[in-house]
Protein chains: 2
Amino acid sequence: MRRRGLGNVAGMQQECSGDVAGMYRGRYDAEMSSYDRLSSLDASFLHLESLETPMHVGAVSTFEGESFFDSTGRFQLAAARKLVASRLHLIPRFRKILKSVPLHQGRPIWVDDPRFDIAYHVRLTALPSPGTREQLMTLTARVQSQLLDRSRPLWELWFVEGLEEGRVALIQKTHHALVDGVSGVDVATVLLDFQPEPAFRPPPRWIVEPPPAELRLLADSVWERATEPAEIVRSLRAGLRGPSNALENTTRIARSVSSLFGTDALAPHTSLNALVGRNRLFDGVTISFDDVHRVRQAFGGTINDVILAGVSGGLRDLLEARGEPIDGMTLKAFCPVSVRDDAERMQLGNRVSAMFVPLPVGLPDPVERLEAVRDATFDLKEREQAVGASFLLDLTHYAAPTLLGLGARLAHRQPFFNLVVTNVPGPQVPLYCMGGRMLEAFPVVPLTKNLSIGIAILSYCGNLHIGLFVDRDTFPDLPVLSSALENSFGELLKRAEEQLGEPGR
Amino acid sequence: MRRRGLGNVAGMQQECSGDVAGMYRGRYDAEMSSYDRLSSLDASFLHLESLETPMHVGAVSTFEGESFFDSTGRFQLAAARKLVASRLHLIPRFRKILKSVPLHQGRPIWVDDPRFDIAYHVRLTALPSPGTREQLMTLTARVQSQLLDRSRPLWELWFVEGLEEGRVALIQKTHHALVDGVSGVDVATVLLDFQPEPAFRPPPRWIVEPPPAELRLLADSVWERATEPAEIVRSLRAGLRGPSNALENTTRIARSVSSLFGTDALAPHTSLNALVGRNRLFDGVTISFDDVHRVRQAFGGTINDVILAGVSGGLRDLLEARGEPIDGMTLKAFCPVSVRDDAERMQLGNRVSAMFVPLPVGLPDPVERLEAVRDATFDLKEREQAVGASFLLDLTHYAAPTLLGLGARLAHRQPFFNLVVTNVPGPQVPLYCMGGRMLEAFPVVPLTKNLSIGIAILSYCGNLHIGLFVDRDTFPDLPVLSSALENSFGELLKRAEEQLGEPGR
């Protein structure tokens, strides 16, 4: 990898940020290896993007609102912008734009945006009265449905006033090419604080670096393509994308990839896999972390197993309500797994692998569903260990973008999975923004062509916050799923209490 | 033309709408000519559209707010949706979506949207406190910057609460392929009322027509293409769009078109013509219609001449503030002219021609500018009459899309005009929505690739409302232009009062 890591963020925030500024400048000296070039996975998120499939991740969170407003009741937007601006040197790509290499000879690189305008990225809007949760979810869905502007740094923060009880919401969008789910949480911890009083310190002066000369860039990229294995693979894939016999080729690749995962690699056909439109719906479900722990205590498995079992129950009820046959059906969930270690925290970019987890929606009993998930993930982990960590890293470079690309391209024909479920561990202590305590935060995972739902889960301060991002056109019955999820976790808890012999708890 | 006109709308609103329903249904019987097919100009607005150049027209208007809210202070969104829904049968395309012809053999046709959802199209949002005019303009720019969803009927209405003094705003977007500026006003008059009490009457039952069978449609389209002159021209143009020598061909066409307009056909190079990005800014300037009449009284010419002279003065100051050389410079404005007669009112679709009007920004004296505009437009009208009305109608079919297409495609190389200025006459009596009186309405005209500003003017109830829609990236100094426009009209009025000998007025 040619990017330089930023090291541990907490440490950096403590000391004077001189080192960061040093790393940030002087990146584009003559030596070729200093470009901040997108990885192939990062770049694949750009290739896959379309109006119907925006490729940003995001979240909506709510805060105690009082401290956001001045004495006249006006939102302190200038102060909020100043706070965000003061931390941008910790996440340099938030001030960078994409520069493509001439004649498409190579992946784009990141260069400084000379017209960077904080007012474009940090916005304020409001909910109509009475400012309900439902209205916030509608606004979130609208904002998240829209593409980010490729000609600007690929992120937006929307503060929202007008919520019930004087609360403030924050809707964030960050392009997947910039940051994956895990480092996304790190970014949030840069913008958020661990104490009510925001630690504002003047940032180092920002010096705009001019982009490299076009010809230099072209020459370097051609050289890289010719010598780097990853680029050779990329050229191969580009060739396969050709219009002549593309479908045949992708199907062939699909077959060989699927053999990696055994014969049951293809996911069953359900209404969850339908070509999505441009508009989304969003909802959030909150589950007590304590309850999940109780279930785990009663029946074993990991926290993740309990979550996936709970999700399975919700999806079962949804498909049943849609009148679809589910007897004996096992959905396949694509679960991104982070393969970054601590040294890589805050180094933006994607280091993910994937597990394909069976969701046993065909089993009517909640405990049986949990046991099935538990056995399956245990089995998967065994297999994973056999493959070894180094292969997983290689998978990141070569297989993961291919898988995602195929998932999107094979569309309604041959999906390998029915939905994405991503589980991001968050801090268990309160976070603050502008002095206001964060109450909840629901993450957003993007949809691709034939996936009508993405489920993203964040644990924060004693709760699991489940963000349900669905296609408006093919998934109009989101409220059915939201209630079904609550019921499903409730059933698991009830059975756990029975098992533990404390039904009166 | 193969579309059926809807006749006079006012008359239709009076009588029971049985006739309309009759026209609306049974449109897709076996006879080929009954398709509601896009005209070539309508279709060109689809071809030209991109993320950077959304092709919708729109407006933002404000209303006295009281009657929009119920006794608990909540916006009556359900009632607003019901009102809009009750009038949709008068504008059937508002419930239709585009259906492309198989294998691209012909322009798309309009078919009923079977999943039409009024809640998608009629939305409610809010401004942050204190709800200033500036905040409304920011919101308008954001909403207007976003593409309409091609898979739905191509319009959106956004009600906005939270304005100062309890007012309500309405932001509307309608795709240019659906409706041009002139019939856009007619649409507004359908949704708006001439009296405070909204005339609600239950609409006729809407029966969704299934789209024509794919094969039938393909066969018909191939037949039409082979036999219709317009389609032959279209095929020719499609051929010219080929990748081989497209630029050379368009340049050649440009030269021959430009010869139609004399040797001065090309517009001067200024900062107004720069490649635009995805984001916009918006502002509105209000000028008293009485003042414009006074100027006309003093110096002659048409109302339109006075408006164009006022706009010239504003643009002069803007370019001067940018430090650009303007001595002796004459900008070229593209002014769409409606060629529809009364029988065609409310027949959606585009029937426009264009005038290229010189804007004499190089002249320092406001009255000299007015005289120059007056002489030029008089000359243009003479020439137009010589060409004859029937040629103008032909121009609509063949030349106008070509001109617009070229204007967008030749981009920064060879623009024929520096900006679009469109002047839409509106009603001089008050309009109402949900019982609230409309106070002002600023129209929005879309930008194309190398046009960083579009000026759209609506006269309403004693005022001229000038909507300034500019590219955020290349036109950050919009407030400079807004003030300059006010000053420019102020100067003209001052000179008129002097001329008329009533300086103390």
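Residues numbered from 1 in each chain as written. Chains lettered and ligands numbered in written order. Predicted model: local features only at pLDDT ≥ 70, side-chain atom pairs only at ≥ 80, totals over all residues. Heavy atoms only, no water.

We now examine the overall build of chain A. Across its full length, chain A holds 16 helices and 14 strands. For chain A, buried positions account for 58% of its 505 residues. For chain A, restricting intrachain contacts to residue pairs at least 6 apart in sequence, the fraction spanning at least 24 positions comes to 79%. Counting every atom, chain A has about 20300 Å² of accessible surface; 55% of that belongs to carbon and sulfur. (Helix = DSSP H or I, 4+ residues; strand = E, 2+ residues; numbered from the N terminus. Buried < 20%, exposed > 50% of the residue type's maximum accessible area, 1.4 Å probe, protein only. Contact = heavy atoms within 4.5 Å. Areas by Shrake-Rupley, 256 points an atom, 1.4 Å probe, with all protein chains shown as cover.)

So, about the interface of chain A and chain B. Contacts between the two partners involve 28 residues from chain A and, on the opposite side, 28 residues from chain B. In total, about 2500 Å² of surface goes out of reach between chain A and chain B, with carbon and sulfur atoms giving 42% of it. Sorting the residues of chain A by area buried against chain B places R142, R278 and R472 of chain A first, and these three jointly supply 23% of that buried surface. Where chain A packs against chain B, one counts eight salt bridges. Between D473 of chain A and R152 of chain B there is a salt bridge whose closest N-O contact spans 2.0 Å. For the pair chain A and chain B, the interface holds 15 residue pairs in polar contact (both at pLDDT 80 or more). Secondary-structure elements contributing two or more residues to the side of chain A that touches chain B are α5 (118-121), β4 (122-126) and β5 (155-161) of chain A. In terms of residue count, β4 of chain A provides more of the side of chain A that touches chain B than any other element does, four residues in total. Looking at the side of chain A that touches chain B residue by residue, the classes come out as 11 nonpolar, five polar and 12 charged. (Buried area = accessible area lost by both parts, 1.4 Å probe. Salt bridge = Lys/Arg side-chain N within 4 Å of Asp/Glu carboxyl O. Polar contact = N/O pair within 3.5 Å; in protein donor to acceptor, adjacent residues only side chain to side chain. Nonpolar A, V, L, I, M, F, W, Y, C, P; charged D, E, K, R; others polar.)

This part covers the environment of V292 of chain A. Residues and elements named next belong to chain A. Of note, V292 is situated in helix α11 (residues 289-299). Along the primary structure V292 and V306 are separated by 14 residues, whereas in three dimensions their C-alpha atoms are 6.6 Å apart. Beyond its immediate sequence surroundings of up to four residues, V292 is in contact with I287, I303, V306 and L464.

It is worth spelling out the relation of the copies chain A and chain B at this point. When chain A is brought onto chain B, the operation consists of a screw motion whose angular component is 180° and whose axial shift is 0.0 Å, with 0.0 Å RMSD remaining. Such values leave the two copies arranged in the relation of a two-fold axis. Across chain A, the smallest distance between a C-alpha and the rotation axis is recorded for A126 of chain A, namely 2.6 Å. Mapped onto chain B, 100% of the interface residues of chain A again fall at the interface, so both copies present the same surface. (Least-squares fit on C-alpha atoms with pLDDT ≥ 70 in both.)

Moving on: helix α12 (residues 303-321) of chain A. Residues and elements named next belong to chain A. The end-to-end C-alpha separation of α12 is 28 Å, in line with the 27 Å expected for 19 residues at 1.5 Å each. Most of α12 is tucked away: 15 of the 19 residues are buried. With its phi angle positive at about 75°, G323 sits one or two positions after the end of α12. (Expected span 1.5 Å × (residues − 1).)

What follows deals with the side chain of N273 of chain A. Residue and element names in this part refer to chain A. Among the secondary structure elements, N273 is positioned in the loop between α10 (246-260) and β7 (280-288). Among the polar contacts listed, one links the side chain of N273 to the backbone oxygen of N450, at a separation of 3.1 Å. Ignoring sequence-local partners within four residues, the contact set of N273 consists of P268, F417, N418, N450 and L451.

All names here are of chain A. In this structure the tally under the stated criterion is 16 aromatic pairs over all chains. On the basis of an interplanar angle of 65° and a centroid distance of 5.9 Å, the ring pair of F63 and F68 is categorised as edge-to-face. Joined through ring pairs, the aromatic side chains of F63, F68, F69, F75 and F159 make up one cluster. Over the face of the ring belonging to Y120 we find R123, whose NZ or CZ atom lies 4.6 Å from the ring centre. (Phe/Tyr/Trp six-rings, centres within 6.5 Å; stacked < 30°, edge-to-face > 60°. Lys NZ or Arg CZ within 6 Å of the ring centre and 35° of its normal.)

Moving on, we get to the pattern of salt bridges. On inspection of all chains with the given rule, the structure shows 39 salt bridges over all chains. Measuring nitrogen to oxygen at the nearest pair gives 4.0 Å for the salt bridge that ties R133 of chain A to D283 of chain A. On the criterion of sequence distance, the pair formed by R133 of chain A in helix α6 (residues 133-145) and D283 of chain A in strand β7 is long-range, its members being 150 residues apart. For R133 of chain A, a relative accessible area of 37% corresponds to the partly exposed category. As a salt-bridge pair, K96 of chain B and D112 of chain B come within 3.1 Å of each other at their nearest N and O atoms. With K96 of chain B in strand β2 (residues 96-99) and D112 of chain B in strand β3 (residues 109-112), this pair connects stretches of sequence that are 16 residues apart. Residue K96 of chain B is classed as buried on the basis of its relative accessible area of 1%.

Residues and elements named next belong to chain A. The omega torsion across S129 and P130 is 10°, close enough to zero to call that bond cis. Counting through the fold element by element, P130 comes out in the loop between β4 and α6. Residue M434 is not a glycine yet carries a positive backbone phi of 55°.

Moving on to helix α6 (residues 133-145) of chain B. Three or four residues apart is the spacing at which side chains of an α-helix point the same way, because the helix has 3.6 residues per turn. Taking 1.5 Å of rise per residue, 13 residues should cover 18 Å, and α6 of chain B covers 18 Å from first to last C-alpha, within 8% of that figure. Those residues of α6 of chain B not exposed but buried are Q135, L136, M137, L139, T140, A141, R142, V143, Q144 and S145 of chain B.

Right, let's talk about the pairing of strand β6 (residues 168-175) of chain A for a bit. Residue and element names in this part refer to chain A. The buried count for β6 comes to eight of eight residues, which makes it a mostly enclosed element. Burial along β6 is two-sided: V168, L170, Q172 and T174 and A169, I171, K173 and H175, pointing in opposite directions, are all buried. Pairing geometry for strand β1 (residues 56-63) and β6, over eight bridges, is antiparallel. Bridge assignment links V60 to a residue of β6, and that residue is I171. (Pairing = 2+ DSSP bridges.)

Let us look at the environment of A126 of chain A. Here A126 of chain A is to be found in strand β4. Given the relative accessible area of 3%, A126 of chain A is considered buried. As for A126 of chain A and G162 of chain A, which are separated by 36 residues in sequence, their C-alpha atoms are 5.4 Å apart. Dropping the residues within four chain positions of it, A126 of chain A is found in contact with V160 and E161 of chain A together with T125, A126, L127 and P128 of chain B.

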